[in-house]
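# Commentary on secondary and tertiary structure
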Amino acid sequence: MESWQQSLRAAITSPQQLADRFAIDPRPLEAVCVRYPLRITPYYAGLIREVGDPIWRQCVPDPAERDDAGLPTDPLAEEAHSPVPALVHRYPDRGLLLAGNSCAGYCRFCTRKRRIGRPEFNISFTELQQGIATIAATPQIRDVLISGGDPLLLNDAMLQELLGRLRAIPHVEIIRIGSRIPVVLPERVTPSLCRILRQHPPLYLNTHFNHPRELTEQSWQACARLAEAGVVLGNQTVLLRGVNDDLETLLELNRNLLQMRVRPYYLHQMDLTAGTGHFRVRVEKGRELVAGLRGRITGMGIPQYVIDLPGGKGKVPVNGDYVETWGDELVLRAPDGTKVVYRQT
Ligand SMILES: *Cc1c(COP(=O)(O)O)cnc(C)c1O
Ligand code: SF4
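Per an unreviewed UniProt entry, the recorded name for the protein chain is Lysine 2,3-aminomutase, and the organism is Geothermobacter hydrogeniphilus.

Structure, rendered in structure tokens:
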């Protein structure tokens with residue numbers, strides 16, 4: 001067995017393990033884990049300096065997750081936009097292929113909390129093949145985004161097969177992978193994985209660093225190996241209360257990403273997903289932060305601040321071109337001309 005698989009097996013998956021290590025009361029966390037699973041890799045757990053710090057907040061269950069606050073579990077209506085279980089097709093030119101259902105670590109703020117890590121939402125090999133067949137039968141899809149779950153948890157042989165099949169579809173121009181592996185399980189980026197990725201250009205990989213403390217020697221090396229394999233690297237950050245909702249943190253994060261050859265792509269306003277309300281930052285604050293970056297870092301280091309419209313209407317930038325009314329009830333203009341409300345309270 002490869003060592004990354006051993007790391008995964010050594011992950012923290014129960015509140016009791018957290019209690020043994022950090023001297024906390026595990027009981028309030030147990031009720032959370034019944035609904036939303038817990039998994040923290042040994043590497044990522046090693047980045048925690050103290051209870052409640054920005055690393056902790058991202059990976060340790062919080063009793064606040066049990067408060068749905070009347071929010072939906074699938075605000076982007078992904079299930080409604082799935083012609084087959086492994087494919088979400090919301091934009092005519094882009095297909096989102098769900099490669100699996102597990103991640104190396106479960107982020108507490110995940111927008112797909114409803115399904116991630118839950119066996120009943122597993123994607124079978126047959127469903128994956130169905131997803132690929134649907135893409136092959138849909139010539140408008142030029143851009144395939146493989147996400148999940150984390151696609152890099154597939155073993156090398158499966159990834160080789162998957163990428164090979166997608167590459168063989170003439171109308172698929174680019175393949176993109178969404179993965180948090182460089183952040184939580186950098187040892188997965190093995191030379192053998194890189195040999196596979198190298199064979200399928202143009203290949204883009206958007207990863208998911210949220211805090212400068214996640215940029216370590218190991219994650220740096222993982223990104224370097226990917227870049228050397230010809231993979232074009234980008235980063236999607238989620239704006240998170242108590243993690244990265246201040247200017248100095250965002251500046252340091254984006255500056256250091258550029259040094260790692262990772263280009264900041266999106267800063268996401270949090271989706272209105274049940275169980276994530278305690279992370280939400282107001283849009284006005286988000287705008288102020290992004291405006292604060294301007295002038296202090298190259299434009300290459302400024303991610304686009306976007307909001308994924310409720311109901312699955314797609315992502316739009318948070319600015320005057322798309323926001324018609326500011327306030328607790330943000331009225332946004334969707335690309336198809338309809339109006340969509342994003343309730344901040
Ligand atoms: C975000 C997303 C994409 C890709 O969007 P880009 O803005 O092109 O990065 C594609 N499909 C779905 C369903 C998405 O949510
Ligand atoms: S890696 Fe992505 S899909 Fe997986 S739990 Fe984190 S945010 Fe969700």
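## Comments concerning the site of ligand 1
Around ligand 1 sit Val 88, Arg 90, Tyr 91, Arg 94, Leu 96, Leu 145, Arg 176, Tyr 265, Tyr 266 and Lys 315, and those are all the residues in its vicinity. Separating an oxygen atom of ligand 1 from a side-chain N or O atom of Arg 90 is a distance of 2.6 Å. Lys 315 places a polar side-chain atom, nitrogen or oxygen, 3.0 Å from an oxygen atom of ligand 1. Burial of ligand 1 by the protein amounts to 91% of the accessible area it has alone, namely 390 Å². If you list the elements that add at least two residues to the shell around ligand 1, you get β1 (87–91), β2 (94–98) and β7 (263–268). Counting residues per element, the shell around ligand 1 draws most heavily on β1, at three residues. Of the residues assigned to the shell around ligand 1, the class counts are six nonpolar, no polar and four charged.

## Side note on the side chain of Asp 156
As for its position among the elements, Asp 156 is in helix α7 (residues 156–167). Within the local environment of Asp 156, its side chain forms a polar contact with the side chain of Arg 188, the two groups lying 2.6 Å apart.

## Topic: the packing of helix α6 (residues 125–136) against α7
Packing of α6 against α7 brings their axes to within 10 Å, and their N-to-C directions diverge by 20 degrees. The angle between α6 and α7 falls in the class roughly parallel. At the point where α6 passes α7, the crossing takes the right-handed sense. In contact with Phe 125, Leu 128, Gln 129, Ile 132 and Ile 135 of α6, α7 contributes Met 158, Leu 162, Arg 165 and Leu 166. Of the residues that constitute the contact of α6 with α7, the class distribution is seven nonpolar, one polar and one charged.

## Considering the UniProt feature "modified residue: N6-(pyridoxal phosphate)lysine" (unreviewed entry) in the protein chain
Residues annotated by UniProt as "modified residue: N6-(pyridoxal phosphate)lysine" (unreviewed entry) correspond here to Lys 315. Among the structural elements, Lys 315 can be located in strand β9 (residues 314–317). For Lys 315, a relative accessible area of 27% puts it in the partly exposed group. Each residue touching Lys 315, except ones within four places of it in the same chain, is listed here: Arg 90, Tyr 91, Tyr 266, His 268, Ile 307 and Asp 308.

## Re the site of ligand 2
Around ligand 2 sit Cys 103, Gly 105, Tyr 106, Cys 107, Cys 110, Arg 180 and His 208, and that is every residue in its neighbourhood. Of the residues assigned to the shell around ligand 2, the class counts are four nonpolar, two polar and one charged.

## Remarks on the packing of helix α11 (residues 247–259) against helix α12 (residues 283–293)
In contact at an axis separation of 10 Å, α11 and α12 are set at 50 degrees when each is read in the N-to-C sense. Judged by the angle between their axes, α11 and α12 are oblique. Between α11 and α12 the crossing geometry is right-handed. Residue-level contacts link Leu 247, Leu 250, Leu 251 and Asn 254 of α11 to Leu 289, Gly 292 and Leu 293 of α12. Of the residues contributing to the contact of α11 with α12, the split by class is five nonpolar, two polar and no charged.

## Some thoughts on the pattern of salt bridges
Oppositely charged side chains can pair when the atoms bearing their charge come close. Tallied over the entire structure, the rule returns 26 salt bridges. A salt bridge links Arg 27 to Asp 25; the nearest nitrogen and oxygen atoms lie 3.1 Å apart. The salt bridge involving Arg 114 is made with Glu 79; its shortest N-O contact spans 2.6 Å. With Arg 114 in the loop between β2 and α6 and Glu 79 in the loop between α5 (54–59) and β1, this residue pair connects regions lying 35 residues apart in the sequence. Judged by relative accessible area, which is 13%, Arg 114 ranks as buried. The exposure class assigned to Glu 79 is partly exposed, which follows from its relative accessible area of 38%.

## Topic: the nonpolar core
Within the largest apolar cluster, 69 residues are counted, with the highest numbers of intra-cluster contacts made by Ile 40, Tyr 44, Leu 97, Ile 135, Ile 146 and Leu 166. Ignoring any residue separated from it by four or fewer positions in sequence, one finds Tyr 44 in contact with Ile 55, Gln 58, Cys 59, Arg 180, Val 183, Val 184 and Glu 214. Within the second largest apolar cluster, 23 residues are counted, among which are Leu 293, Leu 309, Leu 332 and Tyr 342.

## Quick notes on the UniProt feature "binding site: [4Fe-4S] cluster" (unreviewed entry) in the protein chain
Mapped onto this numbering, the UniProt entry gives "binding site: [4Fe-4S] cluster" (unreviewed entry) at Cys 103, Cys 107 and Cys 110. Residue placement: Cys 103 occurs in the loop between β2 and α6. For Cys 103, a relative accessible area of 15% gives the class buried. With residues near it in sequence (within four places) discarded, Cys 103 still touches Arg 39, Ile 116, Gly 149, Asp 150 and Leu 153. Secondary-structure assignment places Cys 107 in the loop between β2 and α6. Not counting the four nearest positions on each side in its chain, Cys 107 is found in contact with Gln 58 and Arg 180.

Rules behind the numbers
Residues numbered from 1 in each chain as written. Chains lettered and ligands numbered in written order. Predicted model: local features only at pLDDT ≥ 70, side-chain atom pairs only at ≥ 80, totals over all residues. Heavy atoms only, no water. Near = heavy atom within 4 Å. Polar contact = N/O pair within 3.5 Å; in protein donor to acceptor, adjacent residues only side chain to side chain. Areas by Shrake-Rupley, 256 points an atom, 1.4 Å probe, with all protein chains shown as cover. Helix = DSSP H or I, 4+ residues; strand = E, 2+ residues; numbered from the N terminus. Nonpolar A, V, L, I, M, F, W, Y, C, P; charged D, E, K, R; others polar. Axes fitted to C-alpha atoms, helices over the stretch in contact; angles between N-to-C directions. Parallel < 35°, antiparallel > 145°, perpendicular 65-115°, else oblique. Left-handed = near helix turned anticlockwise from the far one by under 90°. Contact = heavy atoms within 4.5 Å. UniProt positions renumbered as here; feature names shortened; annotations may be inferred. Buried < 20%, exposed > 50% of the residue type's maximum accessible area, 1.4 Å probe, protein only. Salt bridge = Lys/Arg side-chain N within 4 Å of Asp/Glu carboxyl O. Core = buried A, V, L, I, M, F, W, Y, C linked by side-chain atoms within 4.5 Å.

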